[in-house]
Amino acid sequence: MNPRVVTFHYKLTDKEGNEIDSSQGSHPLSYLEGTGQIISGLEDEIKSMNAGDKKVISVSADNAYGQKNPELVFDVPKSQFPEGEELSIGMMFQTDEPDTVYTITDIKGESVIVDGNHPLAGVDLIFDVQIINIRTATDEEVSHGHVHGEGGHHHH
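Parameters at a glance
Residues numbered from 1 in each chain as written. Predicted model: local features only at pLDDT ≥ 70, side-chain atom pairs only at ≥ 80, totals over all residues. Heavy atoms only, no water. Helix = DSSP H or I, 4+ residues; strand = E, 2+ residues; numbered from the N terminus. Rg over C-alpha atoms; globule rule 2.2 N^0.38 Å. Buried < 20%, exposed > 50% of the residue type's maximum accessible area, 1.4 Å probe, protein only. Areas by Shrake-Rupley, 256 points an atom, 1.4 Å probe, with all protein chains shown as cover. Core = buried A, V, L, I, M, F, W, Y, C linked by side-chain atoms within 4.5 Å. Contact = heavy atoms within 4.5 Å. Pairing = 2+ DSSP bridges. Axes fitted to C-alpha atoms, helices over the stretch in contact; angles between N-to-C directions. pLDDT = per-residue confidence, 0-100. Polar contact = N/O pair within 3.5 Å; in protein donor to acceptor, adjacent residues only side chain to side chain. 1 Å grid on protein atoms, 1.4 Å probe; cavity = no way out; pocket = protein on both sides within 12 Å on 5 of 7 lines; lining within 4 Å. Points joined across faces, edges and corners; volume = space filled by probe spheres on them. Nonpolar A, V, L, I, M, F, W, Y, C, P; charged D, E, K, R; others polar.

Along its length, the protein chain carries two helices and nine strands. From first element to last, N terminus to C terminus, the protein chain shows the α and β order β-β-β-α-β-β-β-β-β-β-α. What you see for the protein chain is a C-alpha radius of gyration of 19 Å, clearly larger than the 15 Å of a compact globule of 156 residues, by over 25%. Viewed in the frame of its principal axes, the protein chain has a C-alpha envelope of about 55 × 40 × 30 Å. The buried share of the protein chain, reckoned over its 156 residues, is 33%. Carbon and sulfur atoms provide 48% of the accessible area of the protein chain, an area that totals close to 9500 Å².

Structure, rendered in structure tokens:
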């Protein structure tokens, strides 16, 4: 049997109640269960929900983006960046290393401090979720590994 496609609205906050992200006022998010498209701690809780259900789900950093890894924070000489590029704190960039995005966290003279941790690493997350729809994935969605149509991927 094919996995489910789950469509839901969410509001994401940290433990202090600061809003991080939200689908309100936009399209709900759709994902294909079991493909790692959303964090495991959230997916595990949604599995037991049905269309129309609402739930506040707490996800520890360990079940979200993990704890901060201090080995992913290091100094890079300014000379390693393209000449003339305006560097600023908060700027994000990717290198040849796949799947890693670095954020500039500090600039000290000729030294740039970069952090390869996910921006939400070390953060416990609170999701306020409302399930909009649940359906069985199509064979095509399963073979492609993602949702097609409203709230998902569109082929052109």
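There's more to say after this.
Okay, the nonpolar core next. Core analysis: the largest hydrophobic core is formed by 18 residues, its most contacted members being F8, L42, I46, I57, F127 and V129. Taken together, the elements giving at least two residues each to this core come down to β1 (4-14), α1 (40-46), β4 (54-59) and β9 (125-136). For V129, the contacting residues outside a window of four places in its chain are F8, H9, Y10, L42, I46, M49, D53, K54, K55 and I57. Listed in part, the seven residues of the second largest apolar core include V76, F81, Y102 and V114.

Looking now at the sheet that holds strand β8 (residues 111-115). Here four strands make up an open sheet; going across it, the order is β5-β8-β7-β6 and the pairing antiparallel. The outermost strands of the open sheet, each flanked by one partner alone, are β5 (73-77) and β6 (92-94). Neighbour-to-neighbour, the strand axes of the sheet open up by a mean angle of 40°, direction not taken into account.

Quick look at the confidence of the model for the protein chain now. For the protein chain, mean pLDDT is 91; residues scoring 70 or higher make up 96% of the total. Looking at the elements of the protein chain, mean pLDDT is at its lowest for β6, recorded as 89, and at its highest for β4, recorded as 97.

Turning our attention to the environment of E43. If you trace the backbone, E43 turns up in helix α1. Separated by 10 residues in the primary sequence, E43 and E33 place their C-alpha atoms 7.6 Å from one another. Ignoring anything within four residues of it in the chain, the contact list for E43 reads Y31, E33, G34, G36 and I38.

Now for the side chain of D115. By the element assignment, D115 lies in strand β8. Assessed through its relative accessible area of 10%, D115 is described here as buried. Looking at D115, its side chain comes within polar contact range of the main-chain nitrogen of N117, at 2.7 Å.

Here we take up the side chain of T7. Here T7 lies in strand β1. A polar side-chain atom of T7 sits 2.7 Å from a polar atom in the side chain of S30.

Next up on the list: the layout of surface pockets. One number sums up the size of the largest pocket: a volume of about 270 Å³. Around the largest pocket, the lining is made up of 15 residues, and of these Y10, L29, I38, Y65 and F127 lie nearest the centre. When residues of the lining of the largest pocket are traced back to their parent elements, those giving at least two are β1, β2 (19-22) and β3 (29-32). Each residue belonging to the lining of the largest pocket can be placed in one class, and the counts come to 12 nonpolar, two polar and one charged.

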